[in-house]
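A look at the structure
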Amino acid sequence: MTDKKKVPRQPMPEQAPEQRRRNFEEVPLGYTADTALLEASRCIQCKNPACVAGCPVGIDIPGFIRPLRDGDFAGAISKLKEKTALPAVCGRVCPQETQCEERCVLAKTGEAVAIGRLERFAADWGRTQGESQLPQLPPKTGKRVGVVGSGPAGLTVAGDLILLGHDVTVYEAFHKAGGVLVYGIPEFRLPKAIVQNEVDYLARLGVKFEVNAVIGRTETVDELLERHDALFLAVGAGLPSFLNVPGENLIGIYSANEYLTRSNLMKAYLFPQYDTPIVRGKNVVVLGAGNVAMDAARTAMRLGADTVRIVYRRSREEMPARAEEIHHGEEEGIELHLLTAPVRFMGDEKGRVKTIECLRMELGEPDDSGRRRPVPVKDSNFIIDTDMVVIAVGANANPLITSTTPGLKTNKWGYIIADPETGKTLKPRVWAGGDIVTGAATVILAMGAGRLAADSIHKFLQTGW
Amino acid sequence: MFEILERSEMAQGTVVMNVIRAPKIAAKARPGQFVILRANETGERIPLTMADTDSAQGTITIIYQVVGKSTALFKTLQVGQFFLDVLGPLGQPTHIEKQEGLIICIGGGTGTAVVHPITKGFKNAGNRVVAIIGARTKDLLIMEDKMTAASSQLKVCTDDGSYGHHGFVSDILKEFIDSGQKISTVVAAGPVPMMKAIANMTRPHGIQTLVSLNSIMIDGTGMCGGCRVSVGGKNQFTCVDGPEFDGHQVDFDGLMQRLAAYKEQEAQSMNEASHTCKLGQDR
Ligand SMILES: Cc1cc2nc3c(=O)[nH]c(=O)nc-3n(C[C@H](O)[C@H](O)[C@H](O)COP(=O)(O)OP(=O)(O)OC[C@H]3O[C@@H](n4cnc5c(N)ncnc54)[C@H](O)[C@@H]3O)c2cc1C
Ligand SMILES: Cc1cc2nc3c(=O)[nH]c(=O)nc-3n(C[C@H](O)[C@H](O)[C@H](O)COP(=O)(O)OP(=O)(O)OC[C@H]3O[C@@H](n4cnc5c(N)ncnc54)[C@H](O)[C@@H]3O)c2cc1C
Ligand code: SF4
Ligand code: FES
C-alpha cells in the first residue's frame, strides 16, 4: 500500500446471479476485514470532506474511515453511531451513488470510496463481534414521549430520546416493529434479523414497543396526548396507488404493498410452513420502475417465475430505482419493457388475470417533474401474456391518522404539514416526520427528519413549546 | 398476548365462540366493527367480527366458522391459552339511529354472529327490529337465544325444513316486503350469494340495504388494497371504508371471484396441517 491512488475500488463479493435468483439469501456478501482495510486506505482524509455534506444525517465519514483503516473497528462503529442509529441498514439500502459517494473527491478522477460498503462492514462487525455493552443512560427526566409508527423515522426518535433520559413508547399497527424495513424491503436486500437486532437494542435501552396498536382506531392521537408530553407521528406513506384501468380487480393483480407484505412480513415465501398464501406467477409483469418495483420483480423471480418483466412508460434514464438494483435485477433475468403503458387487464372465466393490453409510448416535451412526458403512439396497442401482475406505481398518504386528529393540518395530497427544521406540526405537542410528511422518500431522509424532531422535542421537554 | 377466557362450540363443532381479554379494543368497539387475529408466529392474519363486547369486563367475543387451516388452528386454542395478536377495532361502525320504519337484520350461517351486535344496537336505539336467521339444517343453527334477546321478533329458517320455516331467509324477507309495512333498513351478513339475492330483492322497492362484506385481508388499515371491492363502479377498501356497504352498489360477482383467489393454496395448507397435527380432525 505504498501509493494509495493505485488501489482500485474494492468490488463487493456477491452470490452468483444464477444461484441467487432462486433464493432469498442476501445478495451482497459483505467485505472481509482485509478488503475493508484496503478500501478504507483509499480515503485521502480530506480536510474539508465533500462527502459529509452529501449525507442527509451528516455522518463524519473520514472520521469513521480513519479508525477502520487502522484496524480499530470498534472505533469506527462508535463514530458511526454518533450520527445514525441504523448503520447496518443504511450501509445496505442508502443510495450512496447520489449522496456521499457522488460528492467524494475521488469520484472526479476515478472511483469514489465505497463509503456504503465500509459502513456496512463496520456495522456488521459491531453486531456480530463488537461488545454489546449498553451506553450509560442519564437519570430519568420523567417526561413521556409517544412515537407512532416504527419505521426508520420512529426508531430514530425513540433511540435519540431514550438516550436523553425520556420515557419512550412506540405504537405500531402491525404485529412487528420496523416499518418498511420489515414489510417492504425483501430479505435478500435487508435481512430481517438485522432490523430485529436494532429493535431489540432499543428495547434493551428501555424503549417500550406496543404492537397491534392502530392509532386512529385502537386509540386516537388526542387520547395518546393525555398520557404523553409529546408525540411524534411517523406512519409512512401507506396507501397504495392503483392505475384505475379496467380489470384491475382480477385475481393475481397485487399492489406492491400487498405483494411485498405477504412475502416479507407474513413470510408467504415460506408457504406452507407459514400459513399466508401468495400467487406464484410464471409470467410476471411489474408495472413501475422504482426500488419498490425492482423488489417486487426480484421477489417474483425467487418465487419461481419463468419470466419477469418490468413495464414502464418512460425510458431507462427516468427509471427511479437505484442503478445497483436495476443492474442486480437484470443479472437475475428481469426484462425491461420501456416506453410501454398498460391500458387494461383481461382475465379468464375464473377471474384470473391472463393478458394486459399495452400501448407503446414515445417521449415528448418535459413535464412538471422536468422529465420528458411519455405520449402514446397511436394504434400501437399490443398484448402481453401474464398470470400475475404487481402494480408498483407509488404510494400516498394513508388518512387513518389525519382524518381522526382534529388540528393536524395536511397539504393537498394529504401529507402532514410540519416545519422542515423541527418537525413541529400545527398541533401543539405533536411532531411528524418521514414519508408521512415528505411523501415516499428514503430511509436516510426519514432518519434525518427523526433526528431533527428528536432535537426539537428534547428542547421542548426542557423549555416548552 | 390475548387470553381466551371462555370457549364453547356450536353447530356440531363447526362453529366456535371465544371470549377474549382485550380491554383497549372492548372500550372502543362499536357494532359493525371487526378485529384481526393471529394465533402464532407462523399464522395468518384473520379478520373476524366482534359478535359481542363488554367494556366493563374488558372482553370481546368472536364467533367463527371452521372453514380452513387458520380457523382450524384457532379451534385448537383452549381457555387459558392465548392469541398472539389481536388488533382493532377496525372498519367503520354501523350507522345506528332511530328510524321510522322496521329494521330487518338477516344472518345466514355464521353471518348471524356478524348481525348480532348490529341487531342489538338498532333495538337499543329504539327501533322495532325483526331478525331473520337461517342455516342449512337445525343442528347448524347458531345464536337463536341471543338473537331472540337482541331483536323485537325473531324468524328462523332452515334449508331442509328441519326447524322453523322451510326455505331461505330471503323468503321471509319477501313476506315482510309484500305485507306492505314500511321497512327503513335491511342489514344482511352471510354467504355472498345470499347477500346478493337480498340486495336484488330490495332494489326494486328502494329499501336501504347494508351488506357486511368478508373480503380477504392482510393489514386491515388501508395499506395493501387487497380487500378492494367495486362499489358503485368505484374501488373501496373493505377494511377502512367498510365492511358495510350499500348492497345495491356492490359488485358481488367480483367479490366472489376474489374470495376464491387462494383456493388451491388453502386446500394444500389444510392438507399439510392435517397430516402433521390434528387440525383437520373434524372436517
Ligand atoms: C419496497 C420498498 C423498497 C424501498 N427501498 C429503499 C431503499 O433501497 N433505500 C431507501 O433509502 N429507501 C427505500 N424505500 C423507502 C423507505 O423504506 C421509506 O422511505 C422509509 O421506510 C420511510 O420511513 P418512515 O419511518 O417514514 O415510515 P415507514 O417505514 O413506512 O414506517 C411507518 C410505520 O408506521 C406504521 N403505521 C402506519 N399507520 C399507523 C397507525 N395508524 N398507527 C400505528 N402505526 C402505524 C406502519 O405499519 C409502519 O410500520 C423503500 C420502500 C419500499 C416500500
Ligand atoms: C370483516 C370480516 C369479518 C368477518 N367475520 C367473520 C365472523 O364473524 N365469523 C366467521 O366465521 N368468519 C368471518 N369472516 C370470514 C373469515 O375471516 C374467514 O372465514 C377466515 O379468514 C378463513 O380462514 P381459514 O384459513 O380458516 O380458511 P381458508 O381455507 O384459508 O379460506 C376459506 C375462505 O375464507 C376466506 N379467507 C381466507 N383468508 C382470509 C383472510 N386473511 N381474510 C379474509 N378472508 C379470508 C377465503 O374466501 C377463503 O376461500 C370475516 C371476514 C371479514 C373480512
Ligand atoms: S470525500 Fe472521499 S476521500 Fe474525501 S474524506 Fe470523503 S470518502 Fe474520504
Ligand atoms: S386489508 Fe389491506 S387495505 Fe384492507
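Residues numbered from 1 in each chain as written. Chains lettered and ligands numbered in written order. Predicted model: local features only at pLDDT ≥ 70, side-chain atom pairs only at ≥ 80, totals over all residues. Heavy atoms only, no water.

Bringing the sheet that holds strand β8 (residues 102-108) of chain B into the picture now. The strands making up a sheet associate through backbone hydrogen bonding, with each pair oriented either parallel or antiparallel. Residue and element names in this part refer to chain B. Here we have 7 strands laid out as an open sheet, ordered β11-β10-β9-β8-β12-β13-β16, and mixed in their pairing. Looking at the sheet topology across the chains shown, the edges are occupied by β11 (165-166) and β16 (244-246). In this structure, β8 lies alongside strand β12 (residues 183-189), joined through 6 bridges in parallel fashion. Bridge pairing links I103 to T185 in β12. Sitting on the sheet, helix α6 (residues 192-202) touches β8, β12 and β13 (208-212), and the angle it makes with β12 is about 165°. (Pairing = 2+ DSSP bridges. Helix = DSSP H or I, 4+ residues; strand = E, 2+ residues; numbered from the N terminus. Contact = heavy atoms within 4.5 Å. Axes fitted to C-alpha atoms, helices over the stretch in contact; angles between N-to-C directions.)

Moving on: helix α5 (residues 169-178) of chain B. Residue and element names in this part refer to chain B. For α5, the complete set of buried residues consists of V169, S170, I172, L173, F176 and I177. Projected down its long axis, α5 shows its buried positions confined to an angular sector of 155°, all on one face. On its buried face, α5 is in contact with β8, β9 (129-135), β10 (153-158), β11, β12 and α6. Backbone geometry just after α5 places G180 at a positive phi near 85°. (Buried < 20%, exposed > 50% of the residue type's maximum accessible area, 1.4 Å probe, protein only. Arc of directions from axis to C-beta.)

In this complex, chain B contributes 45 residues to the contact, which on the side of chain A involves 45 residues. Taking both sides of the interface into account, the surface hidden between chain B and chain A amounts to around 3700 Å²; carbon and sulfur atoms contribute 51%. Remark: the boundary between chain B and chain A carries 5 salt bridges. The shortest N-O distance in the salt bridge between E219 of chain A and K24 of chain B comes to 3.1 Å. Here chain B is connected to chain A by 21 residue pairs in polar contact (both at pLDDT 80 or more). At the level of secondary structure, the elements contributing two or more residues to the side of chain B that touches chain A comprise α1 (23-28), α2 (69-76), β7 (85-90), β14 (228-231), β15 (234-237), α8 (252-259) and α9 (263-276) of chain B. With 6 residues, the single largest contributor to the side of chain B that touches chain A is β7 of chain B. (Buried area = accessible area lost by both parts, 1.4 Å probe. Salt bridge = Lys/Arg side-chain N within 4 Å of Asp/Glu carboxyl O. Polar contact = N/O pair within 3.5 Å; in protein donor to acceptor, adjacent residues only side chain to side chain.)

On to the site of ligand 1. All names here are of chain A. In the neighbourhood of ligand 1, 33 residues make up the surrounding shell, with V93, E172, R189, I215 and D435 lying closest. Contact distances for ligand 1 include 2.8 Å between an oxygen atom and a backbone N or O atom of D435. A441 is positioned with one of its backbone polar atoms (N or O) 3.2 Å from an oxygen atom of ligand 1. Protein burial of ligand 1: of its 1000 Å² of free accessible surface, 93% is covered by the chains. Put simply, the parts of the chain that give the shell around ligand 1 at least two residues each are α10 (152-162), α15 (291-302) and α19 (443-463). Split into classes, the residues belonging to the shell around ligand 1 amount to 20 nonpolar, 9 polar and 4 charged. (Near = heavy atom within 4 Å. Areas by Shrake-Rupley, 256 points an atom, 1.4 Å probe, with all protein chains shown as cover. Nonpolar A, V, L, I, M, F, W, Y, C, P; charged D, E, K, R; others polar.)

A few words now on the packing of helix α2 (residues 33-40) of chain A against helix α4 (residues 61-69) of chain A. All names here are of chain A. At a closest axis distance of 9 Å, the pairing of α2 and α4 adopts a crossing angle of 130°. The orientation of α2 relative to α4 falls into the category oblique. Relative to α4, the crossing made by α2 is left-handed. The residues of α4 that touch α2, namely those facing A36, L37 and A40, are I65, L68 and R69. (Parallel < 35°, antiparallel > 145°, perpendicular 65-115°, else oblique. Left-handed = near helix turned anticlockwise from the far one by under 90°.)

Before going further, it helps to spend a moment on the pairing of β14 of chain B. Residue and element names in this part refer to chain B. Of the two faces of β14, both are covered, the one formed by R228 and S230 as well as the one formed by V229 and V231. Across 4 bridges, the pairing between β14 and β15 is antiparallel. Among the inter-strand pairings, S230 is bridged to a residue of β15, identified as N235. Between β14 and β15, which pair antiparallel in sequence order, lie 2 residues; one of them, G232, sits at a positive phi of approximately 60°.

All names here are of chain A. Pairing in this open sheet of 5 strands is parallel, and the strands run β3-β2-β1-β4-β16 from one edge to the other. Looking at which strands have only one partner, the edges of the open sheet turn out to be β3 (208-210) and β16 (430-432). Averaged over all adjacent pairs, the angle separating strand axes in this sheet is 20°, with direction ignored. Note that strand β1 (residues 144-148) and strand β4 (residues 230-233) share 4 bridges and pair parallel. Within the sheet, the bridge partner assigned to G146 lies in β4 and is L231. Against the sheet, α19 contacts β1, β4 and β16, and its axis sits at roughly 170° relative to β4.

Bringing the nonpolar core into the picture now. Residue and element names in this part refer to chain A. One finds I61, F64, L68 and L118 to be the most contacted residues of the largest nonpolar core, which totals 49 residues. Secondary-structure elements contributing two or more residues to this core are α2, α4, α5 (73-81), α6 (87-93), α9 (115-128), α11 (180-183), α12 (192-205) and α19. Sort the elements by how many residues they give to this core and α9 lands first, with 6 residues. Ignoring sequence-local partners within four residues, the contact set of L118 consists of Y31, A36, E39, A40, F64, I65, L68 and V113. Within the second largest apolar cluster, 35 residues are counted, among which are V27, Y259, A293 and V308. (Core = buried A, V, L, I, M, F, W, Y, C linked by side-chain atoms within 4.5 Å.)

Let us look at the environment of D246 of chain B. Residues and elements named next belong to chain B. Inspection of the secondary structure puts D246 in strand β16. For the pair D246 and V229, spaced 17 residues apart in sequence, the C-alpha to C-alpha distance is 12 Å. A distance of 2.9 Å separates a polar side-chain atom of D246 from the backbone nitrogen of H248.

A few words on the pattern of salt bridges. Across all of its chains, the model carries 41 salt bridges over all chains by this definition. One salt bridge in this structure joins R20 of chain A and E332 of chain A, with 2.6 Å as the shortest N-O distance. Here R20 of chain A is found in helix α1 (residues 17-20), whereas its partner E332 of chain A is found in the loop between α16 (323-331) and β9 (335-337), with 312 residues between them in sequence. Here the two residues R20 of chain A and E332 of chain A agree in accessibility, since each one is buried. Of the charged contacts in the structure, one is a salt bridge between R38 of chain B and D85 of chain B, with a shortest N-O distance of 2.8 Å. In this pair, R38 of chain B sits in strand β3 (residues 34-38) while D85 of chain B sits in strand β7, placing the two residues 47 residues apart along the sequence. Each member of the pair R38 of chain B and D85 of chain B is classed as buried. Several salt bridges converge on common partners, so that one network encompasses E14, R20, R189, D295, R298, R302, E325, E331 and E332 of chain A.

Attention now goes to the domain arrangement of chain B. Residue and element names in this part refer to chain B. Each assigned domain of chain B is listed with its residue range as follows: domain 1 (2-90) and domain 2 (102-259). Between the C-alpha centres of domain 1 and domain 2 the distance comes to 21 Å. Across the contact, 19 residues belong to domain 1 and 19 residues belong to domain 2. On the domain 1 side of the contact with domain 2, F34, D52 and I63 bury the most area, a combined 24% of that side's loss. The interface formed by domain 1 and domain 2 contains 2 salt bridges. Of the charged contacts in the structure, one is a salt bridge between K146 and D52, with a shortest N-O distance of 3.1 Å. Elements with a minimum of two residues in the side of domain 1 that touches domain 2: β3, β4 (46-54) and β5 (59-65). Per-element tally for the side of domain 1 that touches domain 2: the top contributor is β4, with 5 residues. (Domains from an automatic or database assignment.)

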